[in-house]
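What follows is each chain in one-letter form.
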Amino acid sequence: MRLKSVRTIRTLKNKRVLLRTDFNVPLEGGTIALEGDERILRTLPTIRYLLRRGALVIVATHLGRPGGRVVPRYRLKPLAAYLGRQLKAPVQALSKVVGPEVAAAVRRAAAGTVLMLENLRFNPGEEENSATFSRTLAELCDVYVNDAFGNAHRAHASMVGVPRYRKSYAGLLLAEEVRVLSGLLARPRRPMVAVIGGVKLSTKLAVIQTFLKLANDLLLGGNLANTVLKARGLAVGRSPVEEGLLPSLRRLKLTAAKLHLPVDVITASGTTAGLPTRTLAVANVQPDEYILDVGPDTVRLFDAVLRDARTIVWNGPMGKFELPAFAAGTIGLVHAIAHTRARVVVGGGETVAAVRRYLPKPVSAYPNVYLSTGGGAMLKFLEHGTLPALRPLLQAK
Ligand code: 3PG
């Protein structure tokens, strides 16, 4: 897949660039959660590229799911301040998404500076992919650059609508993500091992099916594995199960030798911190227990599979790792990755945060490890080999 790169824009001097980013990061009371800033940090090269060439950069992003109205906790001011600190330059946060004040602020702004529009999803036109909203956004700029790989599976106005009205290019991050993930699909070094964890099986079932074909081994953990264990006839206590998926799961090759499920688990009688935990074989889970992490035997089993891998794809933690009592499974996998020489691609906000937190050294010390800023987008790309927002950025054949 060949994308039109921002690098091919002949001149950026005095050009107004609408830069679509995905700054949908975990924000609590105006502060970004620890290791939750990956998406912002990874967009800095594109922003710096544009600024150095004399463009006015109008950053446009969404945050959360405010549903087309203003929700104060999803205002972007803290993110603009954070971005400004990273760039060591002021970023002017606008309090509106579009409208006369925004148009005036863009007219007044000098080349070589950064503005940030208010949360795109405060406007219902964003998710509806409204032509009017797309045109209004397009009118703010001369050129459109998309660096929002994490949102490229969403056919929203700022992703697929604006390119109808302006010349459109891929930012440096988006182009890198597409290059890495396309390479993974086209030429995986084998054995290829996929690790899928996280909470909801329904959002990952399609990619699990893809990996049952594509990968040599597939390791499942996290809460989603409980639904698969149940489909295999095991009792999972009070762990949440997506009952509606059970019939379709029974049609999947759950007994395939390449599919590895937890053999032991860590449980508690509730899902909060401080409760006593038990480590037990997966067949011994009691009716009043929640499965909250994979157990040590599972970590050893998964580690052994990962040790032989030459390509590893990982999306989704192995347990409720935000509570230290249920972090060992996820940490065990991060340590397995620290010792592998395989090409490793990790995606999903929580998984990326865990990898950054628990690798013994900074990620830059592991050139074989690539952190994708896509969660859902990465999974959809691996499933379909493309995404809706990439189409307007393709080079003409
Ligand atoms: C993501 O975090 O996956 C993207 O920003 C898309 O967000 P959404 O799932 O709320 O559409």
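Residues numbered from 1 in each chain as written. Predicted model: local features only at pLDDT ≥ 70, side-chain atom pairs only at ≥ 80, totals over all residues. Heavy atoms only, no water.

Novice: Just checking my understanding: could you explain the pattern of salt bridges for this structure?
Specialist: Charged atoms that come close allow side chains of opposite charge to pair. Summed over the entire model, instances satisfying the criterion amount to 16 salt bridges. One salt bridge connects Arg-39 with Asp-22, and the closest N-O pair in it is separated by 3.3 Å. In this pair, Arg-39 sits in helix α1 (residues 38-52) while Asp-22 sits in the loop between β1 (16-20) and β2 (27-28), placing the two residues 17 residues apart along the sequence. The exposure classification of Arg-39 matches that of Asp-22, with both residues buried. Sharing partners across several salt bridges, the network here consists of Asp-37, Glu-38, Arg-42, Glu-176 and Arg-356. (Salt bridge = Lys/Arg side-chain N within 4 Å of Asp/Glu carboxyl O. Helix = DSSP H or I, 4+ residues; strand = E, 2+ residues; numbered from the N terminus. Buried < 20%, exposed > 50% of the residue type's maximum accessible area, 1.4 Å probe, protein only.)

Novice: Explain the pairing of strand β4 (residues 56-60) to me, please; I cannot follow it from the model alone.
Specialist: Along any regular strand, the residues point their side chains to alternate faces of the sheet. Of all 5 residues making up β4, 5 are buried, and the element is well covered by its neighbours. Of the two faces of β4, the one holding Leu-56, Ile-58 and Ala-60 and the one holding Val-57 and Val-59 are both buried throughout. Relative to β4, β1 runs parallel, the two being bridged by 5 bridges. Within β4, the residue paired with Leu-19 across the bridge is Val-59. (Pairing = 2+ DSSP bridges.)

Novice: What is the right way to read the domain arrangement of the protein chain from this model?
Specialist: By convention, interface size is frequently given as the accessible area that disappears when the constituent parts associate. Examined at the domain level, the protein chain breaks down into domain 1 (6-173) and domain 2 (180-384). A separation of 33 Å is found between the C-alpha centroids of domain 1 and domain 2. Each partner contributes residues to the interface: domain 1 has 13 residues there, and domain 2 has 16 residues. In total, domain 1 and domain 2 occlude about 1100 Å² of area from one another, counting both sides; carbon and sulfur atoms represent 55% of this. The largest share of the area that domain 1 buries against domain 2 comes from Glu-35, Glu-38 and Phe-149, three residues that together contribute 51% of it. In this structure, the connection of domain 1 to domain 2 is made through 3 salt bridges. Notably, a salt bridge pairs Arg-356 with Glu-38, separated by 2.9 Å at the nearest N-O pair. Our enumeration of links across domain 1 and domain 2 arrives at 6 residue pairs in polar contact (both at pLDDT 80 or more). Of the residues assigned to the side of domain 1 that touches domain 2, the class counts are 5 nonpolar, 3 polar and 5 charged. (Domains from an automatic or database assignment. Contact = heavy atoms within 4.5 Å. Buried area = accessible area lost by both parts, 1.4 Å probe. Polar contact = N/O pair within 3.5 Å; in protein donor to acceptor, adjacent residues only side chain to side chain. Nonpolar A, V, L, I, M, F, W, Y, C, P; charged D, E, K, R; others polar.)

Novice: Explain the site of the ligand to me, please; I cannot follow it from the model alone.
Specialist: Asp-22, Asn-24, Arg-39, His-62, Arg-65, Arg-121, Gly-150, Asn-151, His-153 and Arg-154 make up every residue found near the ligand. Note that an oxygen atom of the ligand is positioned 2.8 Å from one of the side-chain N or O atoms of Asp-22. For the ligand, the protein covers 85% of the area, taking 310 Å² as the surface of the free molecule. Looking at the shell around the ligand, its residues break down into no nonpolar, 5 polar and 5 charged. (Near = heavy atom within 4 Å. Areas by Shrake-Rupley, 256 points an atom, 1.4 Å probe, with all protein chains shown as cover.)

Novice: What is the right way to look at the sheet that holds β4 in this model?
Specialist: Strands pair in a sheet through their backbones, by hydrogen bonds, and they do so in one of two ways: parallel or antiparallel. Taken in spatial order, the 6 strands make up an open sheet running β5-β6-β4-β1-β7-β8, and their pairing is parallel. Since the sheet does not close on itself, it has two edges, and those belong to β5 (91-93) and β8 (167-170), each with one partner. Looking at each pair of strands side by side, their axes are set apart by 25° on average, direction ignored. Contacting β1, β4, β6 (114-116) and β7 (143-146), α1 runs over the sheet at an angle of about 175° to β1. Of the strands in this sheet, β4, β5 and β6 are in contact with helix α2 (residues 77-87), which crosses β5 at around 175°. (Axes fitted to C-alpha atoms, helices over the stretch in contact; angles between N-to-C directions.)

Novice: For this particular structure, what's the right way to read the packing of helix α11 (residues 296-307) against helix α12 (residues 328-338)?
Specialist: Axis angle and axis distance: for two packed helices, these are the angle between their axes and the distance between the axes, and together they describe the pair. Relative orientation of the contacting elements α11 and α12 amounts to 20°, with a least axis distance of 10 Å. In this view, α11 runs roughly parallel relative to α12, as classed from their interaxial angle. Judged by the twist between their axes, the crossing of α11 over α12 is right-handed. Here α11 contributes Val-299, Phe-302, Asp-303 and Leu-306 to the contact with α12, which in turn contributes Ala-328, Gly-329, Gly-332, Leu-333 and Ala-336. Its residues assigned to classes, the contact of α11 with α12 comprises 6 nonpolar, 2 polar and 1 charged. (Parallel < 35°, antiparallel > 145°, perpendicular 65-115°, else oblique. Left-handed = near helix turned anticlockwise from the far one by under 90°.)

Novice: What's the story with the pairing of strand β15 (residues 311-315) in this structure? I'm lost.
Specialist: Counting buried positions along β15 yields 5 of 5 residues, so the element is predominantly enclosed. Burial of the side chains of β15 extends over both faces: Thr-311, Val-313 and Asn-315 are buried on one face and Ile-312 and Trp-314 on the other. Here strand β9 (residues 192-196) pairs with β15 via 5 bridges, running parallel. From the neighbouring strand, Ala-194 faces β15, where its bridge partner is Val-313. Alignment of β15 against strand β16 (residues 343-347), held across 5 bridges, turns out to be parallel. For Asn-315, the partnering residue across the bridge sits in β16 and is Gly-347. Remark: the β15/α12/β16 crossover connection has right-handed handedness. (Right-handed = clockwise from strand over helix to strand, strands pointing away.)

Novice: Explanation requested: the environment of Leu-50 in the structure shown.
Specialist: In this structure, Leu-50 sits in helix α1. Overall, the relative accessible area of 0% leaves Leu-50 in the buried class. Excluding residues that lie within four positions of it along the chain, Leu-50 makes contacts with Val-6, Leu-12, Val-17, Leu-19, Ala-55 and Val-57.

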